[in-house]
Amino acid sequence: MSRIFGEISRIVTKYEGFIEKFIGDAVVALFGVPKAHEDDPIRAIRAAREIHELVEGLGPQLGQKIGQPLRMHTGIDTGLVVTGEVDPEKGTHGVSGESLNIASRLSGLAKPGEIVIGSVTYSQAEGHFAFEGLGPTKVKGRAGPIQAYRVLSPMGEPSKVHRLHGMRAELIGRKVEMALLGEALDRLREKEGNIICICGDAGTGKSRLVEEFKATLDLEETQWLEGHAYSYAQNIPYFPLIDLLNGVFQVEEGDPPKKVKAKIESGVEHLVGKKEDVLPYVGSLYALSYTAAENMSPESWKSRLKDAVQMILSALARRTPTILYLEDLHWADPSFVELLRNALLEIREPAIVLCVYRPTFNLFTSHQLRGIGKIYQEIRLQDLSPSESQDMLGSLLKVDSIPADLRRFVQDKAEGNPFYLEELVNSLIDSGTLIREDGNWTLIRLVSESDISPTIHGVISGRLDRLEKEEKRIIQEASVIGRAFLYKILERVTELKADIDPCLRVLERLDLIRTRPLQPDLEYVFKHALTQEVVYNGLLKKERKEIHERIGQVMEQLFRQRLSEHYETLALHFTKGHSVQKAVDYLIKSGERSLKRYALEDSHWYFKKAFDFLSNRPNKTKQDNRLLIDLLNKWSFTFHYRGYFYELNDLLGSHVNLAKSIDDRAKLGMFYAWMGYALHYVGRLRVGYQYLRESLHIGEQIGDKWLIGWSCAFLTWTCVDLGLVDEAIRFGEKGRKIIKRFLSSDQELFFVLTAGIGYAYFCKGQRAETLTIGRSLEDFGHRYSNSRSLSMGYFYIAASHLISGSFLSAMETAKKGVHAAKEPMFAQNLRIMFGLSCCFGGEFEQAEKPLREVVTYSKKFGYRTVEVPAYGLLGLVLIAKGQMKSGLKIIEEARQSSLENGYRFCHGVLEYILGKMYSQIFEESTPLSIPVVAKNLGFLLRSVPFTSTKAENHFNKAIEVAKEIGANGILGQVYLDLGLFYKTRKRTEKARECITEALQIFEQCEAELYLKQAKEALASLN
Ligand SMILES: Nc1ncnc2c1ncn2[C@@H]1O[C@H](COP(=O)(O)OP(=O)(O)OP(=O)(O)O)[C@@H](O)[C@H]1O
Ligand SMILES: [Mg+2]
């Protein structure tokens, strides 16, 4: 057995794999560690096939010895494995990963002589072998079934690209290159030869270009010969030449040695006649032995082989115009490259020699090129331009319109590399992220790192693995800095200071990185975002952490003078470097900065991250706790802007005790202010009010003007909703005296306070004051491009129209406000105002949609203070549509809710609305419209008899509430409507009393239109 194991080791090593262990009669081999290649799955299958052949060859002999037949079966899977240190000499420690388990199960599935592989291995080896699908298969240790495939045989002409979804783009761009090849063909017809080298990065489309060119040829007229180099065959001498000769002599994989010999001998004879100069040398490539080549020095053998090859090629070229295509020479073994170079330098017969390789390779030195002259041409394939990439995406997906986020993603990630582009799209489809519905493609969720195809990873890791140790380290360190990295940072971060310049030069030459033009400081950028990601992800977590931390420290040093410009980057590096103190510091600073720029999502993200760090920290110090409360106070602003009240309330609510425990009154005071604010919005007005009074108290105690300002600002709102309108105005005035000093440093304070005062005036029905506030907010909004202030400006201007009874103007202004509002919360405020104006103006139909939007939004985010009135108004709309029962039910619910929660103002308005509804039902109860009656018959029969009493009761309740809270605007209207109601009931005296009350109030409030209506109503009584 030890002999077999020795042979197996040799085969695995040949494919640059690595024997992990022998267990009993089983072997575990890994491919991809310690060295990754882009074709590791293919290497694994090839190695397995060779091992099978070996065992089969030795089988009978050994079988006799051990008394039973010896057969092999193999399982292969591809995926992530975790390894400790990998050292081919000493072995590995602790290799683990699901793939190992699956591979072992697959090997259990394989019958004697079979190789069974998993789906990722399959997709990466597709095109190289013929497979047979075994269908979904259950294996132990896996919940769902897995796809398994049996390896049948290698393909004659392997193709590297797998096309999972049968999608292929038409050839995009490449017109110049195609024309160049076409011209060479014309010259070939004129008996003029050319050497054309196509050079480009992995996946730029070299093979595709050649394929397209080949498709233009008439293969009867032109002879096409090709030889390929493969990554797995790099160490097989003359592999591309053998591949080429296989084509010429029609030698097939699996031909027995005798047949090979016969084919070669007759082929050579037929071509060159002079067998003795050719056969021994070519034959030795096929392990055929001829005495002439035996005992020859390697040098002379080499030179004879070259002559032989030249003879064969010349003979071929003499027959017909010939194109010789040599693909992927970067993988060719050095001896073949040398032979090719020499053969080409001495080329006699006209032919096109098409050499394709990646930029890691160079066929000729510049000195040699000068000798070759004009028959040499080079095509450097570049990435596709952004518009070409988009065309390619369209052509791949076969649609004209592509979702914008997909466009963006592909542009960012693939950046013009056709292979990456194809693979990205493939993997998005595979992972179910990109789906096709009714002929259109949709991205159904955010794209994540895991959506990037393992094949791309393979290609990139393969390239990286061929770097020298120092180059690899430098590029790894650079990847931690980011996609773009400054030389001066890398220089200070790296441990390899002496190597940095030559390494960067190499990386640049390999086109992995590029210098950024026109930058004041030398800066590099990874050519592809994916390269940076793969390099970065290839680092162990521990290494990444250390490098991040070092980068953070270097940046702090380097940018001492301009630290604030780098907060976000510093936050990132210290976060990833796990330096909690610094990370939190920079995260908070970044959060504040984003908030200033009104980047709310970013700001939220930074604060949240800082919060998670701090709150998860074990054994928190006093300092930590103070920092945490300070953070919550700052973070609250993002909740305020985003209108996430439930979340804020929960967050703050769970930290009240902690806030009380810190010895910092100013921070505690602000915490209370936010707590009060949050409670107000989630509808717990009275408790909220207590917190706000407490925060004001603390502010006054310690003389903190800013805290006083904010407490007053929040109190104005809470007081109005609680029906303490005069108190609201007093807080408003108090705040106003203070905030002037903060006008430049804290605009939001000015805004919240001013709008709060406006709310009080609106509630009091003071038209002129409401209008003044509206105008000043509008002005402030324009001056500072503050959309919140602008939209609330419109809110109060609309409110002033409402007070005066000009509903149409109110509706128009509110609509303008909805458009001006950039944040959802403010848009809701304006929608409510619009809905209210519609309802008052009798335009119920227009009100429904916006009101429903308000209800949905406020339910979701806990904006209770608008939810209740919106609900009430919606009830009104339903009634107007004839759905009396459900409409009244909703209004009644809203009334209850406002009663319970202490929304006095809202309560007053709802009582008024109910009164008005019942009075209308009552008034129309004689000539009620037929559809309304038909719909509501049962309901009307039951309630109509009481509508009159109900109307009166609700009106009176509304008067009571409005009087109590000083809501004069509503009060006037209730009096007027109650007066009119009495008038229809012929209770003229009562009617006169009410209308006179209304008249006086309207005069006070300067509500001109209502005043006019009231005057007319009074006159009609006489
Ligand atoms: N101009 C193009 N228009 C449309 N599709 C393209 C274009 N160029 C390349 N492709 C597609 O992108 C994929 C990758 O191209 P190709 O295999 O030719 O790259 P390559 O340069 O040969 O890469 P490698 O160095 O790995 O061999 C293929 O599926 C190919 O069809
Ligand atoms: Mg190729």
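As the structure is a computational prediction, the values presented were derived from the model and not from experiment.

Rules and cut-offs
The numbering scheme is per chain: residues are counted from 1 as the chain's sequence reads. Key to labels: chains lettered from A, ligands numbered from 1, both in the order written. For this predicted model, a pLDDT threshold of at least 70 governs which residues receive local features, and a threshold of 80 or more governs which side-chain atom pairs are given and counted, while totals over whole chains, interfaces and linings are taken from all residues. Water and hydrogen atoms play no part in the side-chain values, which are based on all heavy atoms of the structure. Secondary structure elements follow DSSP: runs of H or I of four or more residues count as helices, runs of E of two or more count as strands, with numbering from the N terminus. Exposure is judged per residue with a 1.4 Å probe applied to protein chains only, and the accessible area is read against the type maximum: over 50% gives exposed, under 20% gives buried, and values in between give partly exposed. By definition, residues are in contact when any of their heavy atoms lie within 4.5 Å. Throughout, the Shrake-Rupley method with a 1.4 Å probe supplies accessible areas, and for residues the shown protein chains are the sole cover considered. Here, a salt bridge means any side-chain nitrogen of Lys or Arg that lies within 4 Å of a carboxyl oxygen of Asp or Glu. Think of it this way: DSSP has to see at least two bridges between two strands before they count as a pair. Between N-to-C directions, angles cover 0 to 180 degrees, with each direction set by a line fitted to C-alpha atoms, over the stretch in contact for helices. Should the near helix be turned anticlockwise from the far one by less than a right angle, the crossing is left-handed, and should it be turned clockwise, the crossing is right-handed. Polar here means any residue other than Ala, Val, Leu, Ile, Met, Phe, Trp, Tyr, Cys and Pro, which are nonpolar, and Asp, Glu, Lys and Arg, which are charged; Gly is therefore polar. For this analysis, a ring pair means two rings from Phe, Tyr or Trp (six-membered ring only for Trp) whose centres lie within 6.5 Å, classed as stacked if their planes differ by under 30 degrees, edge-to-face if by over 60, and tilted for the remaining angles. In these notes the angle categories are as follows: under 35 degrees is roughly parallel, over 145 is roughly antiparallel, 65 to 115 is roughly perpendicular, and the rest is oblique. Definition used in this section: a nonpolar core is a set of buried Ala, Val, Leu, Ile, Met, Phe, Trp, Tyr and Cys residues joined via side-chain atoms within 4.5 Å. Expected helix span is taken as 1.5 Å per residue step, with the number of steps being one fewer than the number of residues. Two N or O atoms form a polar contact when they lie within 3.5 Å of each other; inside protein one atom must be a possible hydrogen donor and the other a possible acceptor, and for residues adjacent in sequence the pair counts only when both atoms belong to side chains. A residue's pLDDT is the confidence the predictor assigns to it, expressed on a 0 to 100 scale. A pair of cysteine sulfur atoms is labelled a disulfide when the two atoms are within 2.5 Å.

Here the focus is the overall build of the protein chain. The helix and strand inventory of the protein chain stands at 44 helices and 18 strands. With the C-alpha coordinates aligned to their principal axes, the bounding extent of the protein chain is approximately 135 × 70 × 70 Å. The proportion of buried residues among the 1022 residues of the protein chain is 56%. A fraction of 65% describes how many contacts in the protein chain between residues 6 or more apart in sequence connect residues 24 or more apart. Approximately 46000 Å² of the protein chain is accessible, and the part contributed by carbon and sulfur atoms is 52%.

In the structure shown here, the tally under the stated rule is 57 salt bridges. The closest approach of N and O atoms between E226 and K214, which form a salt bridge, is 3.8 Å. Here E226, found in strand β10 (residues 223–228), pairs with K214, found in helix α6 (residues 206–215); they are twelve residues apart in sequence, far enough to count as distant. What makes E226 buried here is its relative accessible area of 18%. The partner of E952 in a salt bridge is R987, with the nearest N and O atoms 3.6 Å apart. Taken together, the residues span a long stretch of sequence, with E952 in helix α41 (residues 930–965) and R987 in the loop between α42 (968–984) and α43 (988–1005) at a distance of 35 residues. You can call R987 partly exposed: its relative accessible area is 30%. A single salt-bridge network, built from bridges that share partners, covers R473, E477, E495, E543 and R550.

Turning our eyes to something else, we now look at the sheet that holds strand β17 (residues 513–515). Pairing is antiparallel in the open sheet, where three strands are placed in the order β16-β18-β17. Each edge of the sheet is formed by a strand with only one pairing partner; in this case those strands are β16 (484–486) and β17. The sheet shows a mean angle of 30 degrees between the axes of neighbouring strands, direction not considered. Relative to strand β18 (residues 523–526), β16 runs antiparallel, the two sharing three bridges. Considered in β18, the bridge of L486 is made with E523.

What follows deals with the packing of helix α21 (residues 541–558) against helix α22 (residues 567–576). The interhelical angle for the contact between α21 and α22, taken along N-to-C directions, is 145 degrees, at an axis separation of 7 Å. With respect to the hand of their crossing, α21 and α22 are arranged in left-handed fashion. Where α21 abuts α22, its residues K545, H548, E549, I551, G552, Q553, M555 and E556 lie against T569, L570, H573, F574 and K576. Classifying every residue of the contact of α21 with α22 gives four nonpolar, five polar and four charged.

Here we come to the packing of aromatic side chains. Aromatic rings considered in pairs are described by the distance between their centres and by the relative angle of their planes. In this structure the tally under the stated criterion is 48 aromatic pairs. One aromatic cluster in this structure is built from F637, F645, W674, Y677, Y681, W706, W710, F714 and Y863.

This part covers the side chain of H604. Position of H604 among the secondary structure elements: in helix α24 (residues 600–615). Beyond its immediate sequence surroundings of up to four residues, H604 is in contact with W635, T638, F639 and R642.

Time to look at the environment of M917. As for its placement among the helices and strands, M917 is situated in helix α40 (residues 904–924). Residue M917 is classed as buried on the basis of its relative accessible area, which comes to 8%. For the pair M917 and V410, spaced 507 residues apart in the sequence, the C-alpha separation amounts to 58 Å. Here M917 is in contact with L876 and I879, once residues within four sequence places are set aside.

To continue, consider the packing of helix α34 (residues 787–804) against helix α35 (residues 807–820). For any two helices packed against each other, the geometry is given by the interaxial angle and the distance between the axes. Where α34 meets α35, the closest approach of the two axes is 8 Å, and the angle between their N-to-C directions is 170 degrees. With respect to α35, the axis of α34 lies roughly antiparallel. Judged by residue contacts, S787, L790, S791, Y794, I797, A798, H801 and L802 of α34 engage F807, S809, A810, T813, A814, K816, G817 and A820 from α35. Broken down by class, the residue content of the contact of α34 with α35 amounts to nine nonpolar, six polar and one charged.

We now examine the nonpolar core. If you look at the biggest cluster of nonpolar residues, it comprises 232 residues, and the most contacted ones within it are L504, F762 and Y796. It is helix α32 (residues 747–764) that provides the largest number of residues to this core, a total of twelve residues. Residue contacts for Y796: discarding those within four places in its chain leaves W717, A755, G758, Y759, F762, T770, I773, G774 and L777. Within the second largest apolar cluster, 52 residues are counted, among which are C197, L244, V251 and V353.

A word on α21. Its 18 residues place the ends of α21 25 Å apart at the C-alpha level, agreeing with the 26 Å of an ideal helix rising 1.5 Å per residue. Buried within α21 we find R544, I547, H548, I551, G552, V554, M555 and E556. Check the buried side of α21 and you find it contacts α17 (469–481), α18 (487–493), α20 (529–537), α22 and α23 (580–596).

Here we come to the pairing of strand β2 (residues 26–31). Direction of pairing for strand β1 (residues 17–23) relative to β2: antiparallel, over a ladder of six bridges. By the bridge assignment, K21 is partnered in β2 with V28. Adjacent in sequence and paired antiparallel, β1 and β2 are bridged by two residues, among which G24 carries a positive phi angle near 60 degrees.

On to the environment of N194, then. Within the secondary structure, N194 sits in strand β9 (residues 194–199). Residues N194 and L180, 14 residues apart in the sequence, show an inter-C-alpha distance of 11 Å. Discounting chain neighbours no more than four positions away, the residues touching N194 are A184, R187, A351, I352, V353, K374, I375 and Q377. Polar contacts involving the side chain of N194 include one to the side chain of R187, which spans 3.3 Å.

On the basis of which strands lie adjacent, the open sheet formed by five strands has the order β10-β11-β12-β9-β13 and parallel pairing. Of all strands in the sheet, those bounded by a partner on one side alone are β10 and β13 (376–380). When strand polarity is set aside, the average angle formed by the axes of neighbouring strands in this sheet is 15 degrees. Pairing of β9 with β13 involves five bridges; the strand directions are parallel. Counted as the bridge partner of I196 is Q377 from β13. Those strands touched by helix α5 (residues 175–189) are β9, β11 (322–327), β12 (352–357) and β13, and its axis lies near 160 degrees from that of β13.

Before going further, it helps to examine the environment of A962. With respect to the helices, strands and loops of the structure, A962 is situated in helix α41. When the C-alpha atoms of A962 and D977 are compared, they prove to be 14 Å apart, with 15 residues separating the residues in sequence. Setting aside anything within four residues of it in sequence, one finds A962 in contact with A967, I970 and L971.

So, about unusual backbone geometry. Positioned with a positive phi, E16 is a non-glycine residue whose angle comes to about 55 degrees. Within the secondary structure, E16 sits in the loop between α1 (2–14) and β1. With a phi close to 45 degrees, S785 is a non-glycine residue in the positive phi region.

A few words on α6. Because an α-helix packs 3.6 residues into every turn, residues spaced three or four apart end up facing the same way. Within α6 the residues assigned to the buried category are K206, R208, L209, V210 and F213. Structurally, α6 contributes buried residues whose contacts are with α5, β9, β10, β11 and β12.

Our next topic: the confidence of the model for the protein chain. Residues of the protein chain with pLDDT of at least 70 account for 95%, and the chain-wide mean is 86. Looking at the elements of the protein chain, mean pLDDT is at its lowest for strand β5 (residues 91–92), recorded as 54, and at its highest for helix α27 (residues 656–661), recorded as 96. Below pLDDT 50 for its whole length, residues 926–931 participates in two contacts with residues either more than four positions away or in separate chains.

By secondary structure assignment, the location of E911 is in helix α40. Using a relative accessible area of 1% as the deciding quantity, one classes E911 as buried. The contacts of E911, once residues within four sequence positions are left out, are R895, H954, K957 and A958.

Here the focus is the state of the cysteines. In this structure the tally under the stated criterion is zero disulfides. Its sulfur unpaired, C712 is 9.6 Å from the next cysteine sulfur, which belongs to C719. Overall, the relative accessible area of 0% leaves C712 in the buried class.

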